[in-house]
Protein chains: 2
Amino acid sequence: MARKKLRTKDQHIIRLASMVDGLGSILYEKADLLSYDCDGFTIHTALPKAVVFPENTEEVANIVKYCHEQGLPFLARGAGTGLSGGAIPLNQEVIISMVKMKKLLSVDLENRRAVVEPGFVNLKLTNSISDKGYYYAPDPSSQYCCTIGGNVAENAGGAHCLKYGVTTNHILGLEVVLPNGEIVEIGSNGVPDEPGYDLLGLLTGSEGTLGIVTKITVRILKNPEDKQTVLAYFDKIEDGSQAVSDIVSAGIVPAALEMMDKTAIEGVEAAAFPVGHPKDIEALLLIEVDGIAAGIGEQIEQILDVCRSRNVREVRAAKDEQERAAWWANRKTGFGAMGAISPDYLVQDGVIPRSKLPEVLQKIKKISDDSGLRIANIFHAGDGNLHPLVLFDARIPGETDKAMEAGSACLKVCADVGGTITGEHGVGIEKREEMRFVFKDEEIMAQTDIREVFNPDNLLNAGKLFPTPGRCAEVKKEMKEAAIS
Amino acid sequence: MARKKLRTKDQHIIRLASMVDGLGSILYEKADLLSYDCDGFTIHTALPKAVVFPENTEEVANIVKYCHEQGLPFLARGAGTGLSGGAIPLNQEVIISMVKMKKLLSVDLENRRAVVEPGFVNLKLTNSISDKGYYYAPDPSSQYCCTIGGNVAENAGGAHCLKYGVTTNHILGLEVVLPNGEIVEIGSNGVPDEPGYDLLGLLTGSEGTLGIVTKITVRILKNPEDKQTVLAYFDKIEDGSQAVSDIVSAGIVPAALEMMDKTAIEGVEAAAFPVGHPKDIEALLLIEVDGIAAGIGEQIEQILDVCRSRNVREVRAAKDEQERAAWWANRKTGFGAMGAISPDYLVQDGVIPRSKLPEVLQKIKKISDDSGLRIANIFHAGDGNLHPLVLFDARIPGETDKAMEAGSACLKVCADVGGTITGEHGVGIEKREEMRFVFKDEEIMAQTDIREVFNPDNLLNAGKLFPTPGRCAEVKKEMKEAAIS
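Residues numbered from 1 in each chain as written. Chains lettered and ligands numbered in written order. Predicted model: local features only at pLDDT ≥ 70, side-chain atom pairs only at ≥ 80, totals over all residues. Heavy atoms only, no water.

Chemist: It is not clear to me how the packing of helix 10 (residues 293-309) of chain A against helix 10 (residues 293-309) of chain B should be interpreted in this structure. Could you clarify?
Modeler: A packed helix pair is summarised by two numbers, namely the angle formed by the two axes and the spacing between the axes. Contact pair helix 10 of chain A / helix 10 of chain B: the axes reach a minimum separation of 7 Å and the direction vectors enclose 175 degrees. Judged by the inter-axis angle, helix 10 of chain A sits roughly antiparallel to helix 10 of chain B. Between helix 10 of chain A and helix 10 of chain B, the contacting residues are A294(A), G295(A) and E298(A) on the first element and A294(B), G295(B) and E298(B) on the second. Looking at the contact of helix 10 of chain A with helix 10 of chain B residue by residue, the classes come out as two nonpolar, two polar and two charged. (Axes fitted to C-alpha atoms, helices over the stretch in contact; angles between N-to-C directions. Helix = DSSP H or I, 4+ residues; strand = E, 2+ residues; numbered from the N terminus. Parallel < 35°, antiparallel > 145°, perpendicular 65-115°, else oblique. Contact = heavy atoms within 4.5 Å. Nonpolar A, V, L, I, M, F, W, Y, C, P; charged D, E, K, R; others polar.)

This is the structure:
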């Protein structure tokens, strides 16, 4: 029993410890809490009050009820791989870690669905069903360690979401502990159009601000009969961008259509999985098609033709599965690879209409030139989801701020061409203020009003997703006063 | 000017008339209002206070502001083809008809999207872009006359939604007039994971209870390179059901996978588009595959093999486009065709896990036997979306009630096997009470709380989508009192 060993007189810790079981089910000493002071967004840190590790829904509900009654701020955390700071305890929260709730509860191949606990790791689902010919589609680059609960909170994407959609397109049902401790079931487990309001869509991607997911029914897909990957090198980034547009215009829907620029290639080639990409090209495309075997060859030919018509330096299909896997390992570890060429980096996550790609890449280059910071681009070109990686050195005074400004400027460019500020990483604490690039005060208020329905005391993950009150709160106050007077 | 000809002293009518322009922009006399006393759900009727026909967003906003200030109930109406009564003016509403807002505002082929006004007819969109090789995917059977605004309200489906998803999967952005007259933009026009809460998903399918849509950005798709349709006749309905499961299990995702039973076949063969289906079979499957031409043949062969392995009486692919079109016309007018074999019919719309198909069809047959009413089944078998059509004669006293009871019993069967009460027709007034089959009081309250955020006075389309207060209101009152005390 954890509580036998407690070395604290804090009554909250003692009570919380009594709700979970076993050694290691609660952390409360500073040395232990330090591991939980941030997630994948490392620029901002804050210590939680405690970290508890429930093992089932009832334990989660009891912890939440207690926090609710006592007015203790709390939040849920998965693997902590989030890139926008959604799991950072800004208000000394009690962190409810979901890592012990990691069971695969059931697989129903006939109806194409599986039920998992939130701490179940993304890639494990595909690994558990691949021998039967099935897989789970959303594939964030962190899929080997991120949890499906975290994926639901952030509505995670991935390279293959161009064809298959992001997490919200694969979630069929949720069990959720509401901020008052009540347990509800949401979704109709696979019905195309659920009756009533789309609460399933509302909860998915709400970044842990409306409830804590304790059980998830996901859609699983049959493996495509065949897949093939093409790699193309371009001397000019404009040619690469144009090839992206041409491929999609030709009516091909690739499973993935990824792009890397020169700086990104320098990074991945200096890191753990180099594959020999030339360092003097301006753009690389990685294009995967999948489906019925008989249709693949024709699509590959079309893709090769498009690339050739756009002055490609070299283009070819992977010669075998081993080469294909090497190309993907090189791409999927791309963010981390920046560590090989820069002490620090900041990942951004903007989205633009595909047709604006050349214009936006030019503007990002200008931001890089103006700031004096290198910016690498690795991204999901097919759906216009850019990931500018701002390279900087946090040891140089002022450079972190400069990097954040450059990152924000990139998002402004995306918003200004009719795009938006996040494609798959979420808003968290990182992009709260940038929400104003895309939402009017009234639109933000409509959202905070919805948060109030679920989370009236704002004890659950406060300070995330929305701009700090300021102007918004004023408008609301004025409106309330006007209504009263 | 309409107001010159007004023959009323009702100040509300006079004011409303001043907000719209031209002859025929307002109706207020009983003879005119009679056409608006119901929609496609004809069992319940009620007269509106007036019908106004705005021509742009500002006029809609002015009308809504006026209703809001004056406490006048109001609702929006498209083509009036809804099947669950969502546009019926239960509270003597001012109906805001969207039929004059019917422009195709823009088409952006490069980024695959189009912007339409809400009164734009569904099929016209495909017709407007088909010469360039594009189409709009959601295809409700009423697509030749229903409006895209109505499709958004109901999250409409259609035969081809098995592969391509329902309306919510094709809506990229909305302009909405909120119930207080404020105009907001929702959605990020094609971003996979919009920042903030998914208001676009929330509004889509909210059955006209959260706001009035005045502009819609939709996704458009490239025409598939090829398509082919297979027709299969089965002597036993179990064999047909099993073939459905087998096709999906084989990893084929047909564009459409439709089923009709014996009674349904009797109807369609007696109506406007007979194609010579045998009347002694128990089940017919209509299966369409589309995609890259090279892949189609292989899938058709697989489908033919599956059907043969399940004792099909006859199975073959359409010999040409003309035959394919005839099969689809026969299927798509199936509901109306029931008029040829029954004075009245009630369409139901339940959803079940695909694996429960044989069990549920058995239970529906028992409901038919017990009630003495014939029930025809025409449905989207591939995604488990059933449409039991209860045949009755409203002239026989008590038979309408008996039909409604039988319909409700069918939905109960669906809910009990883990399905739900509507797949694409919405809840409206028809299935308000059946919401209790799938939602607990707390879950319904979470939804009515959301309605309150947008629609606090409940002037917009009140009395739809949720059960009549009763138990729910009591629970809420108890909870509020508990919170105060």
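Chemist: How should the domain arrangement of chain A be read in this particular structure?
Modeler: How big an interface is tends to be stated in terms of the accessible area lost upon association of its parts. Residues and elements named next belong to chain A. In terms of domain boundaries, chain A breaks down into domain 1 (2-97), domain 2 (104-222), domain 3 (224-341), domain 4 (344-438) and domain 5 (441-484). Each partner contributes to the interface: domain 2 provides twelve residues, whereas domain 5 provides eight residues. Summing both sides of the interface, domain 2 and domain 5 together bury roughly 870 Å²; the carbon and sulfur share of this comes to 76%. On the domain 2 side of the contact with domain 5, P179, T209 and L210 bury the most area, a combined 50% of that side's loss. The interface formed by domain 2 and domain 5 holds zero salt bridges in total. For the pair domain 2 and domain 5, the interface holds two residue pairs in polar contact (both at pLDDT 80 or more). It is helix 7 (residues 199-203) that provides the largest number of residues to the side of domain 2 that touches domain 5, a total of three residues. Of the residues belonging to the side of domain 2 that touches domain 5, the class tally is seven nonpolar, four polar and one charged. (Domains from an automatic or database assignment. Buried area = accessible area lost by both parts, 1.4 Å probe. Salt bridge = Lys/Arg side-chain N within 4 Å of Asp/Glu carboxyl O. Polar contact = N/O pair within 3.5 Å; in protein donor to acceptor, adjacent residues only side chain to side chain.)

Chemist: What is the right way to read helix 13 (residues 357-371) of chain B from this model?
Modeler: Side chains that are three or four residues apart share a direction in an α-helix, a result of its 3.6 residues per turn. All names here are of chain B. With 15 residues, helix 13 extends 21 Å between its outermost C-alpha atoms, agreeing within 8% with the 21 Å of an ideal straight helix rising 1.5 Å per residue. Among the residues of helix 13, those classed as buried are L357, V360, L361, I364, I367, S368 and S371. Looking down the long axis of helix 13, one finds its buried residues gathered within 110 degrees of arc, a one-sided arrangement. Among the exposed residues of helix 13, those pointing more than 90 degrees away from its buried face are K366 and D370. In this fold, the buried residues of helix 13 make contact with helix 8 (237-249), strand 13 (256-261), strand 18 (375-380), strand 19 (385-386), strand 20 (388-392) and helix 14 (399-416). Backbone geometry just after helix 13 places G372 at a positive phi near 75 degrees. (Expected span 1.5 Å × (residues − 1). Buried < 20%, exposed > 50% of the residue type's maximum accessible area, 1.4 Å probe, protein only. Arc of directions from axis to C-beta.)

Chemist: Explanation requested: the sheet that holds strand 2 (residues 50-52) of chain A in the structure shown.
Modeler: Remark on secondary structure: sheet strands pair via backbone hydrogen bonds, oriented parallel or antiparallel. All names here are of chain A. Strand order in the open sheet formed by four strands is 1-2-4-3, with mixed pairing between adjacent strands. On the outer flanks of this sheet lie strand 1 (26-27) and strand 3 (74-77), each paired with one strand and no other. Where strand 3 meets strand 4 (residues 94-97), four bridges bridge the pair, whose relative direction is parallel. Pairing of A76 across the sheet is with I96, part of strand 4. (Pairing = 2+ DSSP bridges.)

Chemist: Help me understand the environment of L6(B), please; the structure alone is not making it clear to me.
Modeler: All names here are of chain B. Tracing the backbone shows L6 in the segment before helix 1 (11-19). Given the relative accessible area of 17%, L6 is considered buried. Through-space distance from the C-alpha of L6 to that of Q362 is 58 Å; in sequence the pair is 356 residues apart.

Chemist: Mind showing me how you'd approach the relation of the copies chain B and chain A here?
Modeler: Aligned on chain A, chain B shows an RMSD of 0.0 Å; the corresponding rotation is 180 degrees and the shift along the axis is 0.0 Å. Taken together, the rotation angle and the small translation identify this as a two-fold axis. Residues of chain B ranked by C-alpha distance from the rotation axis are headed by G295(B), positioned 2.3 Å from it. Mapped onto chain A, 100% of the interface residues of chain B are again interface residues, and the two copies thus contact each other with one and the same surface. (Least-squares fit on C-alpha atoms with pLDDT ≥ 70 in both.)

Chemist: Looking at this model, I keep getting lost on the pairing of strand 10 (residues 212-219) of chain B. Mind explaining?
Modeler: Note on strand geometry: in a regular strand, side chains alternate between the two faces of the sheet. Residues and elements named next belong to chain B. Along strand 10, six of the eight residues are buried, which leaves the element largely enclosed by surrounding structure. Sheet topology note: the strand 6 (residues 113-116)/strand 10 ladder contains four bridges and is antiparallel. Its bridge partner lying in strand 10, R113 is registered against R219. Pairing of strand 8 (residues 171-177) with strand 10, which is carried by six bridges, proceeds in the antiparallel orientation. Across the sheet, the residue bridging to V177 is I212, located in strand 10.

Chemist: Any chance you could explain the interface of chain B and chain A here in plain terms?
Modeler: Listed per partner, the contact involves 68 residues of chain B and 68 residues of chain A. In this assembly, chain B packs against chain A so that about 5500 Å² is buried in total across both faces, 57% of it on carbon and sulfur atoms. Here chain B is connected to chain A by zero salt bridges. Mapped onto the side of chain B that touches chain A, the elements with two or more residues apiece are strand 9 (183-186), helix 7 (199-203), helix 8, helix 10, helix 15 (435-438) and helix 16 (441-454) of chain B. Among the elements that make up the side of chain B that touches chain A, the one with the highest residue count is helix 16 of chain B (nine residues). For the side of chain B that touches chain A, the class distribution of residues is 28 nonpolar, 20 polar and 20 charged.

Chemist: What is the right way to look at the pattern of salt bridges in this model?
Modeler: Pairs can form between side chains of opposite charge once their charged atoms are near each other. Overall, the coordinates contain 56 salt bridges over all chains when judged by the stated rule. The partner of R316(A) in a salt bridge is E314(A), with the nearest N and O atoms 4.0 Å apart.

Chemist: Explain the environment of S309(B) to me, please; I cannot follow it from the model alone.
Modeler: Residue and element names in this part refer to chain B. Within the fold, S309 resides in helix 10. Placed 112 residues apart in sequence, S309 and Y197 show a C-alpha to C-alpha distance of 48 Å. A polar atom in the side chain of S309 sits 2.7 Å from the backbone oxygen of V306.

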